[in-house]
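Okay, here's what each chain looks like letter by letter:
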2 protein chains.
Amino acid sequence: MVATGGFLYEHLADELGQAIDRGALRAGDRLPSVRRLAQERSVSVATVLEAYLRLENAGLIEVRPKSGHFVRRRGMLTAEPRSPRACATPSRVTVSDAYTKILQAMRDPELLPFGCATIDPTYLPIAALNRIVTQVTREMTTVGARYEGAPGLLTLRRQIARRSVDAGVALSEADLCTTIGATEGLSLALRAVAKPGDVIAVESPAYFGVLQAIEGLGMRALEIPASPRTGFDVSALEEIVRTQPVRAVVVTPTVSNPTGSIMPDDEKERLVKVTRKLDLPVIEDDVYGELVFDGSRPRPLRAFAGPSDDSHVLLVSSVSKTLAPGYRVGWIAGGRWHDQIVRIKYSQSLACPTLPGMAVAEFLASGGYDRHLRRLRAAVAGNVERYREAIATQFPDGTRVSAPRGGFVLWVELPPGVDALALHEQALRRRIVVAPGPLFSARQRFANFIRISAGSPWSDRVADGIRTLARLIARE
Amino acid sequence: MVATGGFLYEHLADELGQAIDRGALRAGDRLPSVRRLAQERSVSVATVLEAYLRLENAGLIEVRPKSGHFVRRRGMLTAEPRSPRACATPSRVTVSDAYTKILQAMRDPELLPFGCATIDPTYLPIAALNRIVTQVTREMTTVGARYEGAPGLLTLRRQIARRSVDAGVALSEADLCTTIGATEGLSLALRAVAKPGDVIAVESPAYFGVLQAIEGLGMRALEIPASPRTGFDVSALEEIVRTQPVRAVVVTPTVSNPTGSIMPDDEKERLVKVTRKLDLPVIEDDVYGELVFDGSRPRPLRAFAGPSDDSHVLLVSSVSKTLAPGYRVGWIAGGRWHDQIVRIKYSQSLACPTLPGMAVAEFLASGGYDRHLRRLRAAVAGNVERYREAIATQFPDGTRVSAPRGGFVLWVELPPGVDALALHEQALRRRIVVAPGPLFSARQRFANFIRISAGSPWSDRVADGIRTLARLIARE
């Protein structure tokens with residue numbers, strides 16, 4: 001946005017600043033020499049110098065003696081956030097006000113949704129799904145009106161089972177129960193394997209939905225350190241079960257939320273072995289399994305855990321991150337708790353809506369899913385890189401940002417002393433939602449962390465949002 | 001179905017038997033005289049006599065000396081089932097195998113669904129809903145793909161609020177949270193007002209879904225006697241709270257399931273007053289509120305309970321009994337627990353599917369709902385009477401059957417000694433599902449009761465089913 005009034009150097013500085021925000025000029029890029037730019041723009045050298053000085057003062061560019069002006073990439077900026085230390089006592093999760101606000105923000109299109117791990121509908125095959133819905137209502141007139149009680153729609157379970165084979169887990173339709181998104185899957189899994197008061201081991205940081213589910217059921221969370229690269233620390237679990245009565249584990253082996261870590265296969269194998277020995281059920285959240293940037297499809301933990309109907313690994317997933325969040329189509333392969341889960345599902349919500357399940361089943365059967373996933377992965381990888389660079393170039397020194405290998409969220413460690421909860425409040429007043437770090441911990445750790453979702457395409461509005469955040473953080 | 005072989009008298013007996021089953025000949029109707037029928041059918045008097053004898057032996061007709069042959073209405077048959085006695089100790093609910101089988105039977109169109117309180121799709125405005133779905137996907141292309149987190153779709157909550165005013169409860173959209181059918185509403189309500197181990201007072205008999213939800217959450221059910229006419233016994237509750245630490249009440253004031261009772265307004269008023277004094281939350285299930293045969297719309301309990309946002313009555317309902325079970329559109333007006341319910345909903349299932357909610361909102365806004373309800377009430381009232389008469393004329397002496405004033409289930413007390421669980425098993429082998437009485441009690445009372453749903457239109461298949469049941473019961 002070029003100001004209509006003001007000095008020429010201000011216009012020029014604004015224009016270049018926006019080019020940096022948009023990524024047209026990237027960290028490390030050399031800017032045109034003062035003389036050349038003056039010629040190109042038909043302005044005086046003094047005007048260009050003044051504009052560069054302004055950008056320098058704003059922290060956007062730097063002068064390298066005898067080399068010229070460069071877009072700044074500051075200090076430790078591309079360093080990844082650090083892992084938390086182990087903590088030997090379980091905690092009651094405290095429901096934070098921020099949690100409710102973030103979820104309410106999902107409903108308000110006026111807010112910039114950096115706080116929600118949702119993908120912009122423009123990336124999703126909505127038109128194709130809509131066509132299928134229309135077709136389904138035409139061809140199977142009354143079917144959509146009928147209950148499809150747990151374990152849920154057979155055609156959908158068949159398609160999920162078929163895809164699971166490609167992912168290295170040979171599930172059958174009989175292993176599956178459909179759920180209202182992965183959220184209900186997690187809730188059912190927890191209810192099946194544990195009871196109120198029980199201790200559940202979670203990654204630290206952990207997806208706040210898991211922590212809220214644990215709290216809601218009167219259970220306690222015990223945080224196991226996780227690396228932003230390799231995820232869940234199996235050794236730390238082994239250590240902690242010596243002193244703590246852990247009842248179950250919840251883990252996201254592929255693209256953990258918020259860090260984006262992926263557990264190596266040998267670590268998954270070890271986790272399965274250790275938990276089997278300890279007789280510990282493991283609830284696996286695989287919602288990002290199809291969203292690894294390099295197109296690899298890491299095998300779920302469940303693939304390492306033996307016969308489906310006797311497995312101690314409960315696999316939970318959905319199409320909410322890849323097809324249609326609003327359809328709420330999820331599933332659980334409950335292993336040895338399958339029958340129990342079906343029964344709990346009956347008393348918790350009886351049946352999933354038929355029509356959305358049918359549409360997703362048809363879409364999966366149509367064969368367009370893999371093609372869509374290829375496009376989606378490329379798009380979100382680009383987004384993540386774009387957001388990451390904007391954060392790296394604009395957030396203050398001492399900021400660290402995750403380098404996720406999939407998904408679409410960034411885990412950002414702000415300089416020590418920055419209060420993420422206060423930042424969340426200030427950002428909200430500017431109509432920007434970020435997820436503050438303490439939400440990802442039952443003990444309100446990560447006081448100076450935020451999670452930023454790159455689920456929306458890059459735009460001036462997003463660029464403005466990142467810039468505003470940078471300013472707020474610098475002020476903190 | 002007239003046999004192609006066999007004697008003439010057999011054909012005639014079959015034909016008349018079917019007329020009785022279909023209701024063309026009703027209990028108490030006089031059959032044509034032997035002579036007249038012989039003339040009409042051009043058969044011998046002996047053939048008619050033989051046919052009548054056959055029907056008499058089958059228990060379908062009776063001879064009244066000097067009057068002729070009449071369709072039989074046996075003994076106490078139209079008497080209503082008796083109320084249970086009070087029981088002063090709470091129970092852990094036991095999940096019955098029959099429960100799972102009944103719910104699975106919902107999925108099998110090969111089975112006669114006498115066991116499920118579902119309405120046949122032919123009675124529902126599926127075509128209109130389908131048209132709306134198509135329209136919604138066209139006009140609001142990407143909207144259906146978005147999360148609509150709790151408290152859920154605003155347009156839907158507005159329509160529900162609007163209708164609540166007509167029903168005498170002035171709810172606003174802010175009082176409501178949408179749910180996955182009434183089942184999730186019940187689950188959320190229980191989770192909000194009570195914790196594991198707590199005692200929940202329920203009607204006896206109670207809808208088994210309520211009992212299963214209580215069991216699933218580790219709570220205990222305490223049965224309060226209910227009359228098949230006036231429902232929940234407030235005095236019995238007053239009595240029982242003197243010795244028992246009751247934490248909450250679940251009640252269906254309008255058309256209880258299974259008895260079909262309706263609480264008189266003064267009893268509702270009393271229940272509200274008593275529970276308010278005792279500081280007891282009351283969870284009200286209103287799913288049959290629109291299905292009272294005479295078209296009256298009894299005010300929900302909630303209407304008697306003061307300001308919406310401070311109410312101690314939590315109103316739960318859905319459109320599953322009147323519009324589209326498979327859409328899973330329900331809601332809860334959680335009163336003073338509203339915020340807490342929204343939070344639990346987040347961690348239990350996050351959001352309801354957007355598309356079904358939009359379709360129902362549009363349908364309600366279109367104004368066709370009341371017209372549909374008038375037709376539906378007439379249809380189910382007719383069904384209930386038809387089923388009731390078939391049961392009354394064919395089930396053995398000593399059978400009592402409820403006279404519901406709304407809804408579409410019948411509560412049948414079989415002669416003492418009949419084992420409803422065994423009957424359920426035997427019927428299942430003949431591809432008929434009935435809901436055995438013990439399901440409706442946490443203490444497995446009602447050993448000789450069954451619930452029969454009249455949600456499907458009368459047909460030869462239904463008539464055969466009732467006849468088969470009558471035979472099985474007689475043999476017991």
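The text that follows walks through the structure, step by step, so that each part is easy to find. (Residues numbered from 1 in each chain as written. Chains lettered and ligands numbered in written order. Predicted model: local features only at pLDDT ≥ 70, side-chain atom pairs only at ≥ 80, totals over all residues. Heavy atoms only, no water.)

## Quick look at the overall build of chain A
We count it as follows: Note on conventions: DSSP H or I runs of at least 4 residues are helices, E runs of at least 2 residues are strands, and numbering of each starts at the N terminus. Only C-alpha atoms enter the radius of gyration; for comparison, a globular chain is expected to reach 2.2 Å times N to the power 0.38, where N is the number of residues. Note on definitions: a residue-residue contact is assigned when non-hydrogen atoms from the two residues lie within 4.5 Å. Here the open area of atoms and residues is found with the Shrake-Rupley method and a 1.4 Å probe, where only the protein chains shown may cover a residue. The sign given to each residue is positive for Lys and Arg and negative for Asp and Glu; His and the chain ends receive no count. Taken as the charge location is NZ of Lys, CZ of Arg, CG of Asp or CD of Glu.
What chain A contains, in helices and strands, is 15 helices and 14 strands. Taking 23 Å as the expected radius of gyration for a compact globule of 476 residues, we find that chain A reaches 24 Å, a close match to that expectation. Once the C-alpha set of chain A is aligned to its principal axes, its extents read approximately 80 × 60 × 40 Å. In chain A, once contacts between residues fewer than 6 apart in sequence are set aside, the share between residues at least 24 apart is 75%. On chain A, roughly 17600 Å² of surface is accessible, and the fraction owed to carbon and sulfur atoms is 49%. Each charge sign in chain A was given a centre, from 61 positive and 51 negative side chains, and these centres are 1 Å apart.

## Structural notes on the packing of aromatic side chains
For clarity, the cut-off: Pairing of aromatic side chains here covers Phe, Tyr and the six-membered ring of Trp, requires ring centres within 6.5 Å, and sorts the geometry by plane angle: under 30 degrees stacked, over 60 edge-to-face, intermediate tilted.
In the structure shown here, the tally under the stated rule is 20 aromatic pairs over all chains. Seen from their ring centres, phenylalanine 114 of chain A and tyrosine 387 of chain A are 6.0 Å apart, and the 80° between their planes marks the pair as edge-to-face. With phenylalanine 114 of chain A in the loop between helix H4 (97–105) and helix H5 (126–139) and tyrosine 387 of chain A in helix H13 (residues 369–394), this pair connects stretches of sequence that are 273 residues apart. The interplanar angle of 80° and the centroid separation of 5.4 Å between the aromatic rings of tyrosine 387 of chain B and tryptophan 458 of chain B together place this pair among those described as edge-to-face. Here tyrosine 387 of chain B, found in helix H13 (residues 369–394), pairs with tryptophan 458 of chain B, found in the loop between strand S14 (449–453) and helix H15 (460–475); they are 71 residues apart in sequence, far enough to count as distant.

## Overview of the packing of helix H7 (residues 181–193) of chain A against helix H11 (residues 338–349) of chain B
Filter applied, for reference: What counts as an axis is a line fitted to C-alpha atoms, over the stretch in contact for a helix, and the angles between N-to-C directions run from 0 to 180 degrees. Angular relationships are summarised with four words: roughly parallel below 35 degrees, roughly antiparallel beyond 145, roughly perpendicular across 65 to 115, and oblique for the angles in between.
With their axes 5 Å apart at the nearest point, H7 of chain A and H11 of chain B run at an angle of 90° to one another. As far as their axial angle goes, H11 of chain B and H7 of chain A are roughly perpendicular. Along its contact with H7 of chain A, which presents Thr183, Glu184 and Ser187 of chain A, the element H11 of chain B presents Tyr346, Ser347, Gln348 and Ser349 of chain B.

## Quick notes on the side chain of serine 320 of chain A
What counts here: The rule is simple: take the accessible area with a 1.4 Å probe, protein chains only, and divide by the maximum for that residue type; under 20% is buried, over 50% is exposed, in between is partly exposed. Any pair of N or O atoms that falls within 3.5 Å is considered a polar contact. Within protein, one atom must be able to donate a hydrogen and the other to accept it, and sequence-neighbouring residues count only if both atoms are side-chain atoms.
The topology assignment puts serine 320 of chain A in the loop between strand S9 (313–318) and strand S10 (329–333). Assessed through its relative accessible area of 5%, serine 320 of chain A is described here as buried. Looking at serine 320 of chain A, its side chain comes within polar contact range of the side chain of arginine 328 of chain A, at 3.5 Å. Apart from residues no more than four positions distant in its own chain, serine 320 of chain A is found in contact with Ile119, Gly181, Pro325 and Arg328 of chain A together with Tyr147 of chain B.

## Side note on the relation of the copies chain B and chain A
The following threshold applies: Here the copies are superposed with least squares, the fitted atoms being C-alpha atoms of residues at a pLDDT of at least 70 in both.
For the match of chain B to chain A, the screw axis carries a shift of 0.0 Å, the RMSD comes to 0.2 Å, and the turn is 180°. Given the turn and translation reported, the copies of this chain are related as if by a two-fold rotation axis. Closest approach to the rotation axis within chain B is made by the C-alpha atom of threonine 134 of chain B, at a distance of 2.5 Å. The share of interface residues of chain B whose copies in chain A are also at the interface is 100%, consistent with both copies meeting through the same surface.

## As for the sheet that holds strand S7 (residues 246–251) of chain B
Residue and element names in this part refer to chain B. Selection rule: Criterion used throughout: strands pair if DSSP finds at least two bridges between them.
Read across the open sheet, the eight strands follow the order S3-S10-S9-S8-S7-S4-S5-S6; overall the sheet is mixed. Each edge of the open sheet is held by one strand with a lone partner, namely strand S3 (176–180) and strand S6 (231–232). Taken together, the three bridges between S7 and strand S8 (residues 282–285) define a ladder with parallel strand orientation. In the sheet register, valine 249 faces S8, and the bridge partner there is valine 282.

## A closer look at a positive patch on the surface
All names here are of chain A. Definition in use: Put simply, a patch holds well-exposed residues, over 30% relative accessible area, that have no salt bridge, with like charges counted together within 9 Å and Val, Leu, Ile, Met, Phe, Trp or Tyr side chains within 5 Å. Salt bridge, as used here, is a side-chain nitrogen of Lys or Arg placed within 4 Å of a carboxyl oxygen of Asp or Glu.
On the surface, a cluster of positive charge is contributed by Arg429, Arg430, Arg471 and Arg475. Tracing the backbone through its elements, the reader meets arginine 475 in helix H15 (residues 460–475). On the basis of relative accessibility, which here comes to 58%, the residue arginine 475 falls in the exposed class.

## Quick word on the layout of surface pockets
Defined as follows: In the cavity and pocket records, a cavity denotes points on a 1 Å grid over the protein atoms alone where a 1.4 Å probe fits but cannot get out, a pocket denotes an open set with protein on both sides within 12 Å along at least 5 of 7 lines, and lining residues are residues with an atom within 4 Å of a point. Grid points are joined across faces, edges and corners, and a volume is the space filled by probe spheres set on the points.
What the largest pocket holds in volume is close to 840 Å³. Lining the largest pocket are 34 residues, and of these Arg191 and Leu217 of chain A together with Pro196, Gly216 and Leu217 of chain B lie nearest its centre. Residue assignment for the lining of the largest pocket shows that the elements contributing at least two residues are helix H8 (208–216) and helix H11 (338–348) of chain A together with helix H7 (181–193), helix H8 (208–216) and H11 of chain B.

## Here's the deal with the pairing of strand S10 (residues 329–333) of chain B
All names here are of chain B. Along S10, five of the five residues are buried, which leaves the element largely enclosed by surrounding structure. Side chains Val329, Trp331 and Ala333 of S10 all project onto a buried face; the interleaved residues Gly330 and Ile332 project onto the opposite face, where all are buried too. Sheet topology note: the S3/S10 ladder contains five bridges and is antiparallel. Note on S10: the bridge partner recorded for isoleucine 180 is valine 329. Looking at chain direction, strand S9 (residues 313–318) and S10 are connected through four bridges and run antiparallel. Across the sheet, serine 318 pairs through a bridge with glycine 330, a residue of S10.

## With respect to the sheet that holds S14 of chain B
All names here are of chain B. Across the sheet, which stays open at both edges, the four strands sit in the order S11-S12-S14-S13 with antiparallel pairing between neighbours. Unpaired on one side and paired on the other, strand S11 (400–401) and strand S13 (435–436) mark the two borders of the sheet. Inspection of the sheet shows strand S12 (residues 409–413) paired to S14 by five bridges, in the antiparallel sense. By the bridge assignment for S14, tryptophan 411 is matched with arginine 451.

## A short note on the interface of chain B and chain A
Note the cut-off: Two parts placed together each lose some accessible area; with a 1.4 Å probe, that loss summed over both constitutes the buried area. When residues are grouped by polarity, Ala, Val, Leu, Ile, Met, Phe, Trp, Tyr, Cys and Pro land in nonpolar, Asp, Glu, Lys and Arg in charged, and all others, Gly among them, in polar.
Contact with chain B, which involves 58 residues of that partner, is made by 58 residues of chain A. The junction of chain B with chain A conceals about 4800 Å² of combined surface from both sides, 62% of it contributed by carbon and sulfur atoms. For chain B, the biggest contributors to the area lost against chain A are Arg107, Tyr147 and Tyr346 of chain B; these three give 16% of the whole. In this assembly, chain B and chain A are joined by zero salt bridges. The tally of links from chain B across to chain A stands at 10 residue pairs in polar contact (both at pLDDT 80 or more). Taken together, the elements giving at least two residues each to the side of chain B that touches chain A come down to helix H4 (97–105), helix H5 (126–139), helix H6 (154–166), H7, H8, H11 and helix H12 (354–366) of chain B. At six residues, H5 of chain B tops the list of elements feeding residues into the side of chain B that touches chain A. When its residues are assigned to classes, the side of chain B that touches chain A shows 27 nonpolar, 21 polar and 10 charged.

## Digging into unusual backbone geometry
Residues and elements named next belong to chain A. Of note, the bond from alanine 150 into proline 151 is cis; its omega dihedral lies within 30 degrees of zero at 5°. Relative to the helices and strands, proline 151 resides in the loop between H5 and helix H6 (154–166). Residue proline 258 follows asparagine 257 across a cis peptide bond; omega there is 25°. Relative to the elements of secondary structure, proline 258 occurs in the loop between strand S7 (246–251) and helix H10 (265–278). Positive phi, close to 60°, is recorded for aspartate 279, a residue that is not glycine. For aspartate 279, the location among the structural elements is in the loop between H10 and strand S8 (282–285). Within the chain, arginine 431 stands out as a residue other than glycine whose phi angle is a positive 65°. Residue classification places arginine 431 among the partly exposed residues on the basis of a relative accessible area of 41%.

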